[in-house]
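Observations on the model geometry
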Amino acid sequence: MTTATPSTRRRAALLRRHGTALACLTALATGAVAHAQEGGGDSPYRFGLLVDAGAPHGIGLSAVLKPVPWLRLQAGPTTNTLSLGLRGGLSILPLQTFIAPSINAEAGYYFGSDYNDVVDWLGAKPSRATSAIQDISYNYVAGSVGLEIGAASRFNFFLHLGLSYVRLGVKDATALIEDATDESDITARNLTVRATIPSVKVGFLFYFF
């Protein structure tokens, strides 16, 4: 008989928490692909749905608006398996060809998640400070260049490479600093960590009309 560890139980809870959202995302993607395959014609498409996955910002599902052929706008929910978030962005498409480059910008926010879940995800051993840190959130701004396959058609696959500026916030970092310095009389305000890191994203989008 195998006894579930606290780490295993937390990960199982996370899977249950986000499993429904991911299942819906997959169902939407599958249905939309079938819809795209049935469609045809050379009329310009303006409204669609985008599904993507990447690092470090996880999985996203966005509504897409293309007001002019060279500009694409998108916004929607995201998840990194630890937390849920929201994002919005735009893509500039300078060439209207089947294979084309893109210039992309995006901003997003992830709501607070449990620090113990972050520690488990990294494979580290929780310290006595982790019980005092229950809420970590972050926002980011990302820029990238991309390759779009099917840019001028109803169905589009893309790869984006770039950089993300991340601002991570920890509410009440006193316990964390006490644990790091081995001092018990320290008080601290909210802790903010900023970093610029590489980012990569792959995905596809399809236009309904």
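The text that follows walks through the structure, step by step, so that each part is easy to find. (Residues numbered from 1 in each chain as written. Predicted model: local features only at pLDDT ≥ 70, side-chain atom pairs only at ≥ 80, totals over all residues. Heavy atoms only, no water.)

Some words on a nonpolar patch on the surface
On the surface, a nonpolar cluster with roughly 890 Å² of combined accessible area is contributed by Phe 47, Leu 65, Trp 70, Leu 73, Leu 90, Ile 92, Ile 103, Val 145, Phe 208 and Phe 209. Judged by relative accessible area, which is 33%, Ile 92 ranks as partly exposed. (Patch = residues over 30% accessible without salt bridge, like charges linked within 9 Å, V, L, I, M, F, W, Y side chains within 5 Å. Areas by Shrake-Rupley, 256 points an atom, 1.4 Å probe, with all protein chains shown as cover. Salt bridge = Lys/Arg side-chain N within 4 Å of Asp/Glu carboxyl O. Buried < 20%, exposed > 50% of the residue type's maximum accessible area, 1.4 Å probe, protein only.)

A look at the environment of Pro 101
Mapped onto the elements, Pro 101 comes out in strand β5 (residues 99-113). A relative accessible area of 37% places Pro 101 in the partly exposed class. Non-local contacts of Pro 101, meaning those with residues more than four positions away in its chain, are made with Ile 92, Leu 93, Pro 94, Leu 95 and Gly 146. (Helix = DSSP H or I, 4+ residues; strand = E, 2+ residues; numbered from the N terminus. Contact = heavy atoms within 4.5 Å.)

What to know about the environment of Gly 203
Among the secondary structure elements, Gly 203 is positioned in strand β8 (residues 191-207). Judged by relative accessible area, Gly 203 falls into the buried class, the value being 5%. Gly 203 sits 152 residues away from Val 51 along the chain, and the two C-alpha atoms are 5.6 Å apart.

Here's the deal with the nonpolar core
As a rule of thumb, soluble globular proteins bury nonpolar side chains together. Core analysis: the largest hydrophobic core is formed by six residues, namely Tyr 45, Leu 50, Val 64, Phe 158, Leu 205 and Tyr 207. Setting aside anything within four residues of it in sequence, one finds Val 64 in contact with Arg 46, Phe 47, Gly 48, Leu 49, Leu 50, Arg 72, Leu 73, Gln 74 and Tyr 207. (Core = buried A, V, L, I, M, F, W, Y, C linked by side-chain atoms within 4.5 Å.)

Re the pattern of salt bridges
Oppositely charged side chains are able to pair whenever their charged atoms sit close together. Overall, the coordinates contain four salt bridges when judged by the stated rule. With a shortest N-O distance of 3.9 Å, Glu 106 and Arg 87 are connected by a salt bridge. Note that Glu 106 is positioned in strand β5 and Arg 87 in strand β4 (residues 84-92), a separation of 19 residues in sequence. Accessibility classification places Glu 106 together with Arg 87 in one group, the buried group. With its nearest N and O atoms 2.6 Å apart, the salt bridge here joins Glu 106 to Lys 201. Here the residue Glu 106 occupies a position in strand β5, and Lys 201 occupies one in strand β8, the gap between them amounting to 95 residues. On the basis of relative accessibility, which here comes to 12%, the residue Glu 106 falls in the buried class. What makes Lys 201 buried here is its relative accessible area of 18%. Each of Asp 52, Arg 87, Glu 106 and Lys 201 takes part in one network of salt bridges that share partners.

Points about the sheet that holds strand β3 (residues 71-79)
The eight strands are arranged β1-β2-β3-β4-β5-β6-β7-β8 in a closed barrel whose pairing can be described as antiparallel. Between one strand axis and the next, the sheet turns through 25° on average, direction left out of account. As defined by bridge partners, β5 adjoins strand β6 (residues 136-149) across 13 bridges and the pair is classed as antiparallel. Bridging from a neighbouring strand, Tyr 109 pairs with Asn 139 of β6. (Pairing = 2+ DSSP bridges. Axes fitted to C-alpha atoms, helices over the stretch in contact; angles between N-to-C directions.)

Structural notes on the side chain of Ser 164
Relative to the helices and strands, Ser 164 resides in strand β7 (residues 155-170). The buried category is assigned to Ser 164, whose relative accessible area is 0%. At 3.5 Å, the side chain of Ser 164 and the side chain of Ser 199 are in polar contact. Every residue in contact with Ser 164, bar those within four places of it in the chain, is listed here: His 57, Val 141, Ala 142, Ala 195, Thr 196, Ile 197 and Ser 199. (Polar contact = N/O pair within 3.5 Å; in protein donor to acceptor, adjacent residues only side chain to side chain.)

Limitation: the analysis is restricted to geometry and does not speak to function.
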